Amino acid sequence: MKKNSILVAFVLLPIASCSNHPPIPNYYKTLPAEVAQNPALAKALDTKQVDVDLLEWAIFYETNIRRQRLGLLPLRYENRLRQGSRAHSQEMEELKYFAHVSPVEENASVKKRFMNAGIKNGLGGENIAIHPVKKKQQIVFRLSSTAALSRYAWRNQGAPYTYREFAEDLLSRWLTSVPHRRNILSRGFRFLGVGVAPAVYGGTDVFYITQNFSSTNY
(Lines give C-alpha, C1' and ligand atoms only; values in the text may rest on other atoms or scores of the structure.)
Protein backbone atom coordinates (compact mmCIF):
# COMPACT_ATOMS: atom_id res chain seq x y z
CA MET A 1 0.00 0.00 0.00
CA LYS A 2 1.26 3.47 -0.83
CA LYS A 3 2.22 5.48 2.25
CA ASN A 4 2.06 9.22 1.69
CA SER A 5 2.53 12.19 3.95
CA ILE A 6 -0.77 13.70 5.09
CA LEU A 7 -0.80 17.47 4.77
CA VAL A 8 -3.19 20.21 5.90
CA ALA A 9 -2.79 24.00 5.81
CA PHE A 10 -4.66 26.83 7.51
CA VAL A 11 -4.48 30.62 7.52
CA LEU A 12 -6.04 32.54 10.39
CA LEU A 13 -7.29 36.01 11.24
CA PRO A 14 -5.64 38.52 13.60
CA ILE A 15 -4.46 37.18 16.95
CA ALA A 16 -4.01 38.41 20.59
CA SER A 17 -2.99 37.31 24.30
CA CYS A 18 -0.57 36.72 27.30
CA SER A 19 3.09 35.60 27.12
CA ASN A 20 5.51 33.04 28.55
CA HIS A 21 9.15 32.27 27.89
CA PRO A 22 10.13 28.62 27.29
CA PRO A 23 13.87 27.88 26.95
CA ILE A 24 15.38 28.33 23.48
CA PRO A 25 17.05 25.18 22.07
CA ASN A 26 20.77 25.63 21.45
CA TYR A 27 20.47 24.97 17.71
CA TYR A 28 18.70 28.31 17.26
CA LYS A 29 21.43 30.16 19.18
CA THR A 30 24.09 29.10 16.66
CA LEU A 31 24.67 30.39 13.14
CA PRO A 32 22.55 28.32 10.72
CA ALA A 33 25.56 27.56 8.50
CA GLU A 34 27.35 26.02 11.50
CA VAL A 35 24.41 23.84 12.56
CA ALA A 36 23.97 22.75 8.94
CA GLN A 37 27.40 21.09 9.20
CA ASN A 38 26.39 19.06 12.26
CA PRO A 39 27.07 15.38 11.44
CA ALA A 40 23.98 14.41 13.44
CA LEU A 41 21.85 15.68 10.54
CA ALA A 42 23.13 12.70 8.52
CA LYS A 43 22.02 10.16 11.13
CA ALA A 44 19.04 7.88 10.52
CA LEU A 45 15.81 8.87 12.25
CA ASP A 46 14.41 6.68 15.00
CA THR A 47 11.16 7.67 16.70
CA LYS A 48 12.30 5.97 19.92
CA GLN A 49 15.59 7.89 20.13
CA VAL A 50 15.12 11.16 18.33
CA ASP A 51 16.67 14.57 18.94
CA VAL A 52 13.39 16.44 18.59
CA ASP A 53 15.07 19.85 18.79
CA LEU A 54 17.39 18.96 15.89
CA LEU A 55 14.58 17.63 13.70
CA GLU A 56 12.53 20.76 14.31
CA TRP A 57 15.57 22.89 13.48
CA ALA A 58 16.16 20.93 10.26
CA ILE A 59 12.59 21.64 9.11
CA PHE A 60 12.93 25.30 10.12
CA TYR A 61 16.22 25.58 8.23
CA GLU A 62 14.93 23.83 5.10
CA THR A 63 11.90 26.15 5.07
CA ASN A 64 14.22 29.13 4.86
CA ILE A 65 16.40 27.47 2.23
CA ARG A 66 13.33 27.11 0.00
CA ARG A 67 12.33 30.75 0.61
CA GLN A 68 15.80 32.08 -0.12
CA ARG A 69 16.01 30.14 -3.38
CA LEU A 70 13.08 32.27 -4.57
CA GLY A 71 14.57 35.52 -3.35
CA LEU A 72 12.45 35.75 -0.19
CA LEU A 73 13.74 36.81 3.20
CA PRO A 74 14.30 33.99 5.71
CA LEU A 75 11.79 33.65 8.52
CA ARG A 76 13.03 34.45 12.01
CA TYR A 77 12.83 31.92 14.81
CA GLU A 78 10.11 32.54 17.41
CA ASN A 79 10.30 30.33 20.49
CA ARG A 80 6.66 30.73 21.47
CA LEU A 81 5.58 29.60 18.03
CA ARG A 82 7.79 26.52 18.40
CA GLN A 83 6.26 25.80 21.79
CA GLY A 84 2.74 26.11 20.39
CA SER A 85 3.60 24.00 17.35
CA ARG A 86 5.08 21.20 19.43
CA ALA A 87 2.13 21.26 21.83
CA HIS A 88 -0.31 20.85 18.93
CA SER A 89 1.71 17.99 17.38
CA GLN A 90 1.86 16.23 20.76
CA GLU A 91 -1.85 16.75 21.38
CA MET A 92 -2.77 15.33 17.96
CA GLU A 93 -0.63 12.27 18.68
CA GLU A 94 -1.99 11.76 22.20
CA LEU A 95 -5.67 12.26 21.30
CA LYS A 96 -5.36 10.45 17.95
CA TYR A 97 -6.70 13.14 15.66
CA PHE A 98 -5.28 15.15 12.77
CA ALA A 99 -6.77 18.60 12.26
CA HIS A 100 -6.42 22.31 12.86
CA VAL A 101 -9.49 22.13 15.10
CA SER A 102 -8.71 20.61 18.51
CA PRO A 103 -11.21 18.69 20.67
CA VAL A 104 -9.66 20.45 23.69
CA GLU A 105 -11.69 23.62 24.28
CA GLU A 106 -8.82 25.92 25.26
CA ASN A 107 -6.91 24.82 22.13
CA ALA A 108 -9.93 24.58 19.86
CA SER A 109 -8.73 26.91 17.10
CA VAL A 110 -5.43 27.99 15.61
CA LYS A 111 -6.15 31.48 16.89
CA LYS A 112 -6.61 30.23 20.46
CA ARG A 113 -3.36 28.28 20.30
CA PHE A 114 -1.49 31.38 19.15
CA MET A 115 -3.05 33.31 22.01
CA ASN A 116 -2.06 30.60 24.49
CA ALA A 117 1.52 30.77 23.19
CA GLY A 118 1.62 34.51 23.84
CA ILE A 119 1.59 36.03 20.34
CA LYS A 120 -0.69 39.04 20.75
CA ASN A 121 -0.93 40.72 17.36
CA GLY A 122 -0.69 40.26 13.62
CA LEU A 123 -1.62 37.53 11.21
CA GLY A 124 -0.72 33.86 11.45
CA GLY A 125 -0.90 30.58 9.60
CA GLU A 126 -0.44 26.88 10.30
CA ASN A 127 0.72 23.85 8.30
CA ILE A 128 0.40 20.32 9.66
CA ALA A 129 1.55 16.96 8.34
CA ILE A 130 2.01 13.30 9.22
CA HIS A 131 5.19 12.02 7.60
CA PRO A 132 6.65 8.48 7.73
CA VAL A 133 10.11 7.85 9.15
CA LYS A 134 11.10 5.49 6.33
CA LYS A 135 11.54 6.28 2.66
CA LYS A 136 9.38 4.62 0.07
CA GLN A 137 11.03 1.73 -1.66
CA GLN A 138 10.15 0.91 -5.26
CA ILE A 139 9.31 -2.74 -5.81
CA VAL A 140 9.05 -4.31 -9.24
CA PHE A 141 7.03 -7.49 -9.64
CA ARG A 142 5.52 -9.53 -12.45
CA LEU A 143 1.79 -9.87 -13.00
CA SER A 144 0.68 -13.44 -12.42
CA SER A 145 -1.19 -13.61 -15.73
CA THR A 146 1.84 -13.00 -17.94
CA ALA A 147 5.60 -12.77 -17.69
CA ALA A 148 5.65 -9.97 -20.28
CA LEU A 149 4.18 -7.27 -18.02
CA SER A 150 5.50 -5.68 -14.88
CA ARG A 151 4.03 -3.30 -12.34
CA TYR A 152 5.53 -0.82 -9.91
CA ALA A 153 4.40 -0.57 -6.32
CA TRP A 154 5.42 1.77 -3.52
CA ARG A 155 5.89 0.18 -0.13
CA ASN A 156 7.04 1.95 3.00
CA GLN A 157 9.84 -0.52 3.66
CA GLY A 158 12.86 1.55 2.69
CA ALA A 159 15.66 2.83 4.88
CA PRO A 160 14.89 5.53 7.45
CA TYR A 161 15.31 9.15 6.43
CA THR A 162 18.16 11.09 7.92
CA TYR A 163 17.23 14.29 9.75
CA ARG A 164 18.24 16.33 6.70
CA GLU A 165 16.46 14.10 4.20
CA PHE A 166 13.27 14.10 6.26
CA ALA A 167 13.15 17.90 6.26
CA GLU A 168 13.91 18.11 2.54
CA ASP A 169 11.23 15.59 1.59
CA LEU A 170 8.64 17.17 3.87
CA LEU A 171 9.19 20.64 2.38
CA SER A 172 9.05 19.23 -1.14
CA ARG A 173 5.67 17.69 -0.37
CA TRP A 174 4.28 20.80 1.32
CA LEU A 175 5.36 22.95 -1.63
CA THR A 176 3.31 20.86 -4.07
CA SER A 177 0.17 21.89 -2.15
CA VAL A 178 -1.12 25.40 -2.87
CA PRO A 179 -2.28 26.26 0.71
CA HIS A 180 0.96 24.99 2.29
CA ARG A 181 3.07 26.71 -0.34
CA ARG A 182 1.20 29.95 0.30
CA ASN A 183 2.11 29.85 3.98
CA ILE A 184 5.74 28.84 3.42
CA LEU A 185 6.38 31.47 0.75
CA SER A 186 4.25 34.28 2.16
CA ARG A 187 5.87 37.72 2.18
CA GLY A 188 3.56 38.69 5.04
CA PHE A 189 4.97 36.23 7.57
CA ARG A 190 8.21 37.09 9.38
CA PHE A 191 8.40 34.47 12.16
CA LEU A 192 8.26 30.67 12.31
CA GLY A 193 8.14 27.91 14.89
CA VAL A 194 8.20 24.16 14.14
CA GLY A 195 7.08 21.39 16.49
CA VAL A 196 7.13 17.60 15.98
CA ALA A 197 5.94 14.54 17.89
CA PRO A 198 6.91 10.89 17.19
CA ALA A 199 3.97 8.52 16.76
CA VAL A 200 2.60 5.38 15.13
CA TYR A 201 -0.04 5.97 12.46
CA GLY A 202 -1.70 3.03 10.73
CA GLY A 203 1.06 0.72 11.98
CA THR A 204 3.79 2.97 10.53
CA ASP A 205 6.34 5.00 12.50
CA VAL A 206 5.71 8.66 11.73
CA PHE A 207 6.11 12.18 13.01
CA TYR A 208 3.29 14.65 13.46
CA ILE A 209 4.59 18.04 12.35
CA THR A 210 3.19 21.53 12.90
CA GLN A 211 4.49 24.79 11.46
CA ASN A 212 3.22 28.07 12.94
CA PHE A 213 3.81 31.30 11.01
CA SER A 214 3.26 34.85 12.26
CA SER A 215 3.66 38.39 11.00
CA THR A 216 4.66 39.61 14.49
CA ASN A 217 6.33 38.28 17.64
CA TYR A 218 4.41 40.38 20.16
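Residues numbered from 1 in each chain as written. Predicted model: local features only at pLDDT ≥ 70, side-chain atom pairs only at ≥ 80, totals over all residues. Heavy atoms only, no water.

Asker: Describe the packing of aromatic side chains, and please don't skip the residues or the numbers.
Answerer: Within the structure shown, the criterion is met by 8 aromatic pairs. The interplanar angle of 85° and the centroid separation of 5.5 Å between the aromatic rings of Tyr28 and Phe60 together place this pair among those described as edge-to-face. Of this pair, Tyr28 sits in the loop between strand E1 (6–12) and helix H1 (32–35) while Phe60 sits in helix H2 (residues 52–69), and the two are 32 residues apart along the sequence. For the pair shown, Tyr28 and Phe60 are each scored as buried. Taken together, a centroid distance of 6.0 Å and an interplanar angle of 90° make the contact between Tyr161 and Phe166 edge-to-face. With respect to class, Tyr161 is no different from Phe166; both count as buried. (Phe/Tyr/Trp six-rings, centres within 6.5 Å; stacked < 30°, edge-to-face > 60°. Helix = DSSP H or I, 4+ residues; strand = E, 2+ residues; numbered from the N terminus. Buried < 20%, exposed > 50% of the residue type's maximum accessible area, 1.4 Å probe, protein only.)

Asker: So what's going on with the layout of surface pockets? Which residues, and what values?
Answerer: One number sums up the size of the largest pocket: a volume of about 250 Å³. Taken together, 14 residues form the lining of the largest pocket, with Pro32, Trp57, Phe60, Asn64 and Leu75 sitting closest to its centre. If you list the elements that add at least two residues to the lining of the largest pocket, you get H2 and strand E2 (76–77). No other element matches H2, which puts 6 residues into the lining of the largest pocket. Of the residues that constitute the lining of the largest pocket, the class distribution is 10 nonpolar, 3 polar and 1 charged. (1 Å grid on protein atoms, 1.4 Å probe; cavity = no way out; pocket = protein on both sides within 12 Å on 5 of 7 lines; lining within 4 Å. Points joined across faces, edges and corners; volume = space filled by probe spheres on them. Nonpolar A, V, L, I, M, F, W, Y, C, P; charged D, E, K, R; others polar.)

Asker: Run through the pairing of strand E6 (residues 191–201), naming residues and quoting values.
Answerer: In terms of burial, E6 is a largely internal element, 8 of the 11 residues being buried. Here E2 runs beside E6; their pairing, made up of 2 bridges, is parallel. The residue bridging Arg76 from the neighbouring strand is Phe191, located in E6. Note that E6 and strand E7 (residues 204–214) share 11 bridges and pair antiparallel. (Pairing = 2+ DSSP bridges.)

Asker: Quick one: what's the story with the pattern of salt bridges, residue by residue and with numbers?
Answerer: With the rule as written, the count across this model stands at 9 salt bridges. Notably, a salt bridge pairs Arg86 with Glu56, separated by 2.8 Å at the nearest N-O pair. Here the residue Arg86 occupies a position in helix H3 (residues 79–95), and Glu56 occupies one in helix H2, the gap between them amounting to 30 residues. Glu93 is the partner of Lys96 in a salt bridge, and the nearest nitrogen-oxygen pair spans 3.0 Å. (Salt bridge = Lys/Arg side-chain N within 4 Å of Asp/Glu carboxyl O.)

Asker: Just give me the short version of the side chain of Asn212, but keep the residues and values in it.
Answerer: Topologically, Asn212 is positioned in strand E7. For Asn212, the side chain forms a polar contact with the side chain of Glu126, separated by 3.1 Å. With residues up to four places along the chain from it excluded, the contact list for Asn212 reads Leu81, Gly84, Ser85, Phe114, Gly125, Glu126, Phe191, Leu192 and Gly193. (Polar contact = N/O pair within 3.5 Å; in protein donor to acceptor, adjacent residues only side chain to side chain. Contact = heavy atoms within 4.5 Å.)

Asker: Outline the pairing of E7, listing residues and values.
Answerer: Within a regular strand, the side chains alternate between the two sheet faces. Summarising burial for E7: 10 of the 11 residues are buried, a large majority. Here strand E3 (residues 124–132) runs beside E7; their pairing, made up of 9 bridges, is antiparallel. Its bridge partner lying in E7, Ile130 is registered against Tyr208. Here E6 folds back onto E7, and the loop between the two strands holds 2 residues, one of which, Gly202, carries a positive phi near 60°.

Asker: Please provide a residue-by-residue account of the environment of Gly122, values included.
Answerer: Among the structural elements, Gly122 can be located in the loop between helix H4 (110–117) and E3. Spatially, the C-alpha atom of Gly122 lies 5.4 Å from that of Ser215, the residues being 93 residues apart in sequence.

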